Amino acid sequence: MLDLQRQAQPLRLSARLLPERPVTRFAPSITGRLHLGHVANAALTWGLARATGGAVLLRLEDHDRSRFRPEHETALLDDLDWLGLVPDRGRTDEFRAGAHELRQSDRRSAHDAVLAELADAGLTYRCACTRASLRRRLEAAGHPPQPGVETPYDGRCRDRAVTVDAESGCRLRLSDEEVTFEDAAVDLGQQVQRPSEQCGDLLLVDRAGQVTYQLGVVVDDRDQGVDLVIRGRDILDSTGRQLLLARALGRDRGPVHLHHPLIVDDGGRKLSKSDGATGLDVLRERGHDAATVLGRAAWLIGLQEEPEPVRAEGLGALVGKCLD
């Protein structure tokens, strides 16, 4: 895995967009082992926080209980300790001790309170549609879903009286609003998105009753004071819809977003847990040390010119050189 070749150009970051002493987060989903892509995100997150006098909180995003495994959480905490990445909030020993305010599954009451607030304002509705039923409708209309292209929800249940008792999810009514924001990655700059066309009404709770990623991150970022979101470019299209949801929750000025390049394999595919990307446990077993892994990950997304080893305490100086 460490023989991957860099695809990204040197990463330049816009200092003027960053909050003063930003609060950011490392927030992996608990669905598998950490791999080099997660390390790259962590290197940028910790490095930028240290370069700007900010803070990093560790949040465990385990909202998808169908894929959650306790051993994945334990392994993630062990991996962070091995890398030497110490959060300012949400330390690994605190999570090991039991319930924690930064573990999503321990915050369901907060998410439910937000859902009730949105429902009382008439901004949500129940939806009984499945992905399969949406696909059949689109195919019948001559617009079959395209591989790799997001399929917007067609609004079928928007004006139907789907009962809460039915097997159904919950969606947010989106306006036809255009969302403009400036990304802190200089090469991305200003972004313009229209979520109603990209995704349609936003799913907040799935048919199994689980809070979705979209709801969880927006509520948690608001409640936890996160004002800088650092994540991969595969999630760039989610930003506009999350900013709309944040506004609906009273956060008129959402967090600054920074979307970094992805690490890809020889076939141009991003590293993925579902595709069996090599975990950090395997890299350790092969004899790689933490500084080598951190340095290689930082190089792969353009944070340094050569894949030189870097220790956790050196990430601030490394990322500071990328600030314009």
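Note that the structure is predicted; figures quoted are calculated from it, not measured.

Reading guide: rules and limits
- Residues numbered from 1 in each chain as written.
- Predicted model: local features only at pLDDT ≥ 70, side-chain atom pairs only at ≥ 80, totals over all residues.
- Heavy atoms only, no water.
- Helix = DSSP H or I, 4+ residues; strand = E, 2+ residues; numbered from the N terminus.
- Rg over C-alpha atoms; globule rule 2.2 N^0.38 Å.
- Buried < 20%, exposed > 50% of the residue type's maximum accessible area, 1.4 Å probe, protein only.
- Phe/Tyr/Trp six-rings, centres within 6.5 Å; stacked < 30°, edge-to-face > 60°.
- Lys NZ or Arg CZ within 6 Å of the ring centre and 35° of its normal.
- Arc of directions from axis to C-beta.
- Pairing = 2+ DSSP bridges.
- Right-handed = clockwise from strand over helix to strand, strands pointing away.
- Core = buried A, V, L, I, M, F, W, Y, C linked by side-chain atoms within 4.5 Å.
- Axes fitted to C-alpha atoms, helices over the stretch in contact; angles between N-to-C directions.
- Parallel < 35°, antiparallel > 145°, perpendicular 65-115°, else oblique.
- Contact = heavy atoms within 4.5 Å.
- Nonpolar A, V, L, I, M, F, W, Y, C, P; charged D, E, K, R; others polar.
- Salt bridge = Lys/Arg side-chain N within 4 Å of Asp/Glu carboxyl O.

Topic: the overall build of the protein
The helix and strand inventory of the protein stands at 11 helices and nine strands. Relative to its length of 324 residues, the protein is compact, with a C-alpha radius of gyration of 20 Å against a globular reference of 20 Å. Reported as C-alpha extents along the three principal axes, the dimensions of the protein are approximately 60 × 40 × 40 Å. Within the span of the protein, comprising 324 residues, buried residues form 52% of the whole.

Considering the packing of aromatic side chains
Tallying each qualifying case throughout the model produces one aromatic pair. Above the face of the Y153 ring, R171 is positioned so that its terminal group lies 3.7 Å from the ring centre. Over the ring of W82 we find R284; its NZ or CZ atom is 5.0 Å from the centre of that ring.

Observations regarding helix 5 (residues 131-140)
Buried within helix 5 are the following residues: S133, L134 and L138. Down the axis of helix 5, the sector holding all buried residues measures 135°, keeping them to one side. Helix 5 presents R136 and A140 as exposed residues on the side facing more than 90 degrees away from its buried surface. One or two residues past the end of helix 5 sits G142, with phi positive at roughly 80°.

Describing the pairing of strand 1 (residues 23-26)
Note on strand geometry: in a regular strand, side chains alternate between the two faces of the sheet. For strand 1 and strand 2 (residues 55-58), the ladder comprises four bridges, and the chain directions are parallel. Bridged to V23 within strand 2 is A55. In terms of handedness, the path from strand 1 via helix 1 (residues 36-52) over to strand 2 forms a crossover that is right-handed.

Description of the nonpolar core
By size, the foremost hydrophobic cluster in this structure holds 58 residues, and its most contacted members are L36, L44 and L303. When contributions to this core are tallied by element, the ones reaching two or more residues are helix 1, strand 2, helix 2 (70-83), strand 8 (228-232), strand 9 (256-260), helix 9 (280-285), helix 10 (290-300) and helix 11 (315-320). Per element, the largest residue contribution to this core is nine residues, and it comes from helix 1. Counting 23 residues, the second largest nonpolar core, distinct from the first, contains L172, L174, L243 and L249.

Quick notes on the packing of helix 4 (residues 108-120) against helix 7 (residues 213-223)
At a minimum axis separation of 10 Å, helix 4 and helix 7 run at an interaxial angle of 100°. Taken together, helix 4 and helix 7 sit at an angle that is classed as roughly perpendicular. When helix 4 is examined against helix 7, the residues A110, H111, V114 and L115 are found in contact with a partner set consisting of L215, G216, V219, D220, R222 and D223. Its residues assigned to classes, the contact of helix 4 with helix 7 comprises five nonpolar, two polar and three charged.

Comments concerning helix 8 (residues 239-248)
Judged by how many residues are buried, helix 8 sits mostly within the fold: eight of 10 residues are covered. Regarding helix 8, the residues found buried are T239, G240, R241, Q242, L243, L244, L245 and A246. Immediately beyond the C-terminal end of helix 8, within one or two residues, lies G250, with a positive phi of roughly 90°.

Let's talk about the pattern of salt bridges
Counted by the stated rule, this structure contains 30 salt bridges. As a salt-bridge pair, R241 and E150 come within 2.7 Å of each other at their nearest N and O atoms. Highlighted residues: R241 in helix 8 and E150 in the loop between helix 5 and strand 4 (169-172), separated in sequence by 91 residues. Under the relative-accessibility criterion, E150 is labelled partly exposed at 39%. Ionic contacts of the salt-bridge type, sharing partners, join the residues R25, R59, E61, R107, D220, D221, R222 and D223 into one network.

Considerations on unusual backbone geometry
Glycine aside, residues mostly have negative phi, and peptide bonds are mostly found in the trans state. Within the chain, R21 stands out as a residue other than glycine whose phi angle is a positive 50°. Mapped onto the elements of the fold, R21 is located in the segment before strand 1.

Some details on the sheet that holds strand 3 (residues 124-127)
Spatial strand order, 3-4-7: three strands in an open sheet with antiparallel pairing. For this open sheet the edge positions go to strand 3 and strand 7 (202-205), each flanked by a neighbour on one side alone. For this sheet the average axis-to-axis angle between neighbouring strands, irrespective of direction, equals 40°. Both strand 4 and strand 7 contribute to a ladder of three bridges, which runs antiparallel. Within strand 7, the position partnered with C170 by the bridge is V205. Sitting on the sheet, helix 4 is in contact with strand 3, strand 4 and strand 7, with an inclination near 130° to strand 7.

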